[in-house]
There are 2 protein chains.
Amino acid sequence: MIGIDIGGANVKFATDGGVDTVYCPLWEGAPLAGVLSRYRDAGEEAAVVMSGELADCFRTKSEGVSWITRTVREVFPEALFYGTDGRFHDSPVPALAAANWLASAAFLHARDPEGLLVDMGSTTTDIVPLASLSPLYGLTDLLRLQKGYLVYTGLLRTTIPAAIRSVSLAGVPTPVSAEQFSISADAHLVLDHIREPGYSCDTPDRKGRDRTSCLRRLARVVCADLEEIGEEGALMVAEAFWYAQREVIYDTVTRVIKESGARRIYTAGTGSGLLASTLGGTDLTSEIGPAATALPAFAVREVLRRSRG
Amino acid sequence: MIGIDIGGANVKFATDGGVDTVYCPLWEGAPLAGVLSRYRDAGEEAAVVMSGELADCFRTKSEGVSWITRTVREVFPEALFYGTDGRFHDSPVPALAAANWLASAAFLHARDPEGLLVDMGSTTTDIVPLASLSPLYGLTDLLRLQKGYLVYTGLLRTTIPAAIRSVSLAGVPTPVSAEQFSISADAHLVLDHIREPGYSCDTPDRKGRDRTSCLRRLARVVCADLEEIGEEGALMVAEAFWYAQREVIYDTVTRVIKESGARRIYTAGTGSGLLASTLGGTDLTSEIGPAATALPAFAVREVLRRSRG
């Protein structure tokens, strides 16, 4: 059996051989069927979760759910899709929208009902109390934003002005440009939180992922060439961004811990290591290996297996 | 003589016949030479300003200045380019970067040295005290951001999360998505500040510019379908955005007035009318007509003429 998590930007696969993440931006018309076909021989059965229905190539989420379901079933005709109702479905019901985080919770709940999952992906961070599954059923992305269970900030794709309004350069407050000149991947690369192969999404300017190219993009955030503000200035932009990003995650985790009574943090996702060192808590990669970086894909496969006893 | 203002997103032309704005996103490889050629017969002479060198298709601003200068001169071999040194040049010197606002100031200074120009375009808002030109010479975009002379917010292209972190929906604080799901043009259209033909840039999802399509994009900012939050919810996103945008412009204008001692506000740009009704002051379209919506293009032509006068 294969586990598949279809996001807007990435498709993740979990098989007996391990996990894979493939950059596949649906809003740019990336060939999802082609990507899926490459994993066809990993097993006829597929357990699937999604969040890619939010991509704005779809007019509505139901349109997205239908298209994704149909595309998956063309490649895996027997695929079953996990929903926010905690059940598997073989057809495109609304509950299939954004249920990937719930698969992770369903997998981890038995492990530690006093735990809190914090899963930082390329684009978003899911914060899920593991105490009980039933209060989680039916939560949409909108409701999760409101409850602090979904923080729309990620390790790679978040634009800098979505997190900071200004940065102090040599002591001078400097408002930032609203353009998508630079993204979180640039900040995390120059801060040594990721390396070039970890910069797995497109660069905003379609130029390099090397350190200098990242610094250039960060400098442009204050409408400057790198030569104008120097590496020091570009690093200040990266640091201001990471400070703000860390703060929003920390504050939201604190709020959810307070409201849920969770006692232990488990980190997952492509930002798992960074999160664990920032928040404290257990990095799930130390327990389940690389599967933790594609947790919903891994989890939905486990959950379907368990449901079959 | 023709006046030309080459921005990253739009090229503006001023001729005896009036002004034109052509959407021409340089970072997407839009055919600048082709756009310019259409205006070739308007006169051999061209007075040119630019700000498009900041577009991230160029590695540095000098690369952008060189490319734009070369492209213009292929079509208008005698073109002269106004710089932040207040002079005209026939070759790509660094001073040509982002001098368009200075052309406007040079044109308006004599009219009212106690005035403050506030020019809101599709992408940015320039705030320029008209008291004296010499302190303005040499100001880069970086320095203007720091002085409050450049506010990176505009009538059409500003992404919603660049201005707001959350919105209150039926009393519930709701953080917004960091994606470029929706832009200021969506907000201003549903708030009746602009109409469909005024939505002159691309839509983020390449879908329609009609009111319902705008409302859908605004709803997606909180990860919702329009059906989930209703028109009322989508309007709350638009209103929260406009409130924040208005506030940053108002606060910065107030600061610059305080520091410069300016006594009267003149508004220009595609947001001129909206600005005038928000800030008070004189809408320059009432004095110089539609030329005020493409002020730097109009102004650079006047400044070159005067310099020969």
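Here, the structure is the one placed above.
Values in this document were obtained by computation on a predicted structure and should not be read as measured data.

Cut-off values and rules
Residues numbered from 1 in each chain as written. Chains lettered and ligands numbered in written order. Predicted model: local features only at pLDDT ≥ 70, side-chain atom pairs only at ≥ 80, totals over all residues. Heavy atoms only, no water. Helix = DSSP H or I, 4+ residues; strand = E, 2+ residues; numbered from the N terminus. Rg over C-alpha atoms; globule rule 2.2 N^0.38 Å. Buried < 20%, exposed > 50% of the residue type's maximum accessible area, 1.4 Å probe, protein only. Contact = heavy atoms within 4.5 Å. Areas by Shrake-Rupley, 256 points an atom, 1.4 Å probe, with all protein chains shown as cover. 1 Å grid on protein atoms, 1.4 Å probe; cavity = no way out; pocket = protein on both sides within 12 Å on 5 of 7 lines; lining within 4 Å. Points joined across faces, edges and corners; volume = space filled by probe spheres on them. Nonpolar A, V, L, I, M, F, W, Y, C, P; charged D, E, K, R; others polar. Axes fitted to C-alpha atoms, helices over the stretch in contact; angles between N-to-C directions. Parallel < 35°, antiparallel > 145°, perpendicular 65-115°, else oblique. Least-squares fit on C-alpha atoms with pLDDT ≥ 70 in both. Pairing = 2+ DSSP bridges. Core = buried A, V, L, I, M, F, W, Y, C linked by side-chain atoms within 4.5 Å. Polar contact = N/O pair within 3.5 Å; in protein donor to acceptor, adjacent residues only side chain to side chain. Salt bridge = Lys/Arg side-chain N within 4 Å of Asp/Glu carboxyl O. Phe/Tyr/Trp six-rings, centres within 6.5 Å; stacked < 30°, edge-to-face > 60°. Lys NZ or Arg CZ within 6 Å of the ring centre and 35° of its normal.

Section: the overall build of chain A
- Helix and strand content of chain A: 10 helices and 13 strands.
- Since a compact globule built from 309 residues should have a radius of gyration of about 19 Å, the 19 Å found for chain A is in line with a globular shape.
- Oriented by its inertia axes, the alpha-carbon framework of chain A measures out at about 60 × 45 × 35 Å.
- Out of the 309 residues in chain A, the part that is buried amounts to 61%.
- Counted over contacts in chain A with a minimum sequence separation of 6, partners at least 24 positions apart contribute 61%.
- Surface accessibility of chain A: about 11500 Å² in total, with carbon and sulfur atoms responsible for 49%.

Here's the deal with empty space enclosed by the protein
- This structure, assessed with the given rule, holds 2 cavities of 30 Å³ or more.
- Here the largest cavity is characterised by a volume of approximately 40 Å³.
- In terms of lining residues, the largest cavity is bounded by T159, P161, A178, E179 and Q180 of chain A together with T159, P161, A178, E179 and Q180 of chain B.
- In the lining of the largest cavity, the residues fall into 4 nonpolar, 4 polar and 2 charged.
- Computed from the structure, the second largest cavity encloses a volume of approximately 30 Å³.
- As for the second largest cavity, its lining consists of W242, R246, I249, L275, T278 and L279 of chain B.
- The set of elements that each furnish at least two residues to the lining of the second largest cavity consists of α7 (226-260) and α8 (272-279) of chain B.
- Grouping the constituent residues of the lining of the second largest cavity by class yields 4 nonpolar, 1 polar and 1 charged.

Some words on the packing of α7 of chain B against α8 of chain B
All names here are of chain B.
- Where α7 meets α8, the closest approach of the two axes is 11 Å, and the angle between their N-to-C directions is 70°. Comparing the axis directions of α7 and α8 gives the class roughly perpendicular. Seen from α7, the contacting residues are W242, R246, I249, Y250 and V253; seen from α8, they are L274, L275, T278 and L279.
- Tallied by class, the residues present in the contact of α7 with α8 amount to 7 nonpolar, 1 polar and 1 charged.

Topic: the relation of the copies chain A and chain B
- Between chain A and chain B, which share one sequence, the superposing operator has a rotation angle of 180° and an axial displacement of 0.0 Å; the RMSD is 0.0 Å. Read as a symmetry element, the transformation amounts to a two-fold axis. For chain A, the minimum C-alpha distance to the rotation axis belongs to A162 of chain A and amounts to 2.6 Å.

Re the sheet that holds strand β12 (residues 264-268) of chain A
Residues and elements named next belong to chain A.
- Reading across the sheet, the 5 strands line up as β9-β8-β7-β12-β13 and stay open at both edges, with mixed pairing between neighbours. At either end of the open sheet lies a strand with only one pairing partner, and these are β9 (150-151) and β13 (282-283).
- As paired elements, β12 and β13 share 2 bridges and run parallel to each other. Looking at β13, one finds that T267 is bridged to D283.

With respect to the nonpolar core
- Formed by 91 residues in total, the largest nonpolar core has its most connected members in Y82, L136, V222, L284 and L295 of chain A.
- Excluding its chain neighbours within four sequence positions, the residues that come into contact with L284 of chain A are L108, L117, Y266, T267, A268, S272, G289, A292 and L295 of chain A.
- Within the second largest apolar cluster, 89 residues are counted, among which are L117, V151, L169 and V190 of chain B.

Overview of the environment of D20 of chain A
All names here are of chain A.
- Relative to the assigned elements, D20 resides in strand β3 (residues 18-23).
- Note on D20: relative accessible area 35%, which makes it partly exposed.
- When neighbours within four sequence positions are excluded, D20 is seen to be in contact with V11, K12, F13 and Y39.
- Side-chain polar atoms of D20 contact the side chain of Y39, separated by 2.6 Å.

Details of the pattern of salt bridges
Residues and elements named next belong to chain A.
- Per the stated rule, a full pass over the model turns up 40 salt bridges over all chains.
- A salt bridge links D16 to R305, with the nearest nitrogen and oxygen atoms 3.4 Å apart. Taken together, the positions of D16 in the loop between β2 (10-15) and β3 and R305 in helix α10 (residues 295-307) put the pair 289 residues apart, joining distant regions of the chain.
- On the basis of relative accessible area, D16 is assigned to the exposed category, the value being 69%.
- Among the salt bridges present, the one from D186 reaches R217, with a minimum N-O distance of 2.8 Å. Here D186, found in helix α5 (residues 184-190), pairs with R217, found in helix α6 (residues 211-220); they are 31 residues apart in sequence, far enough to count as distant.
- Given the relative accessible area of 0%, D186 is considered buried.
- The class of R217 is buried, set by a relative accessible area of 0%.

Looking at unusual backbone geometry
Residue and element names in this part refer to chain B.
- Within the chain, A98 stands out as a residue other than glycine whose phi angle is a positive 50°.
- Mapped onto the fold, A98 is located in the loop between β6 (88-89) and α3 (100-108).
- Residue classification places A98 among the buried residues on the basis of a relative accessible area of 4%.
- In this model, D192 sits at a positive phi of 65°, which is unusual for a non-glycine residue.
- Mapped onto the elements of the fold, D192 is located in the loop between α5 (184-190) and α6 (211-220).

Quick notes on the packing of aromatic side chains
- According to the stated counting rule, one finds 8 aromatic pairs over all chains in the structure shown.
- On the numbers, 3.7 Å between centres and 10° between planes, the contact of F13 of chain A with Y39 of chain A is stacked. Linking F13 of chain A in strand β2 with Y39 of chain A in the loop between α1 (32-37) and β4 (46-50), this pair joins segments that are 26 residues apart in sequence.
- For Y39 of chain A, a relative accessible area of 14% puts it in the buried group.
- Centre to centre, the rings of F107 of chain A and F298 of chain A are 5.4 Å apart; their planes meet at 85°, and the pair counts as edge-to-face. You can see F107 of chain A sitting in helix α3 (residues 100-108) and its partner F298 of chain A sitting in helix α10, a full 191 residues away along the chain.
- The positively charged end of R220 of chain B is found above the aromatic ring belonging to F181 of chain B, 5.9 Å away from the centroid.

A few points about the pairing of strand β2 (residues 10-15) of chain B
Residue and element names in this part refer to chain B.
- Counting buried positions over the 6 residues of β2 gives 5, a clear majority of the element.
- Pairing of strand β1 (residues 2-6) with β2, which is carried by 4 bridges, proceeds in the antiparallel orientation. Bridge pairing in β2 places I6 opposite V11.
- In this structure, the hairpin formed by β1 and β2 is closed by a connection of 3 residues.

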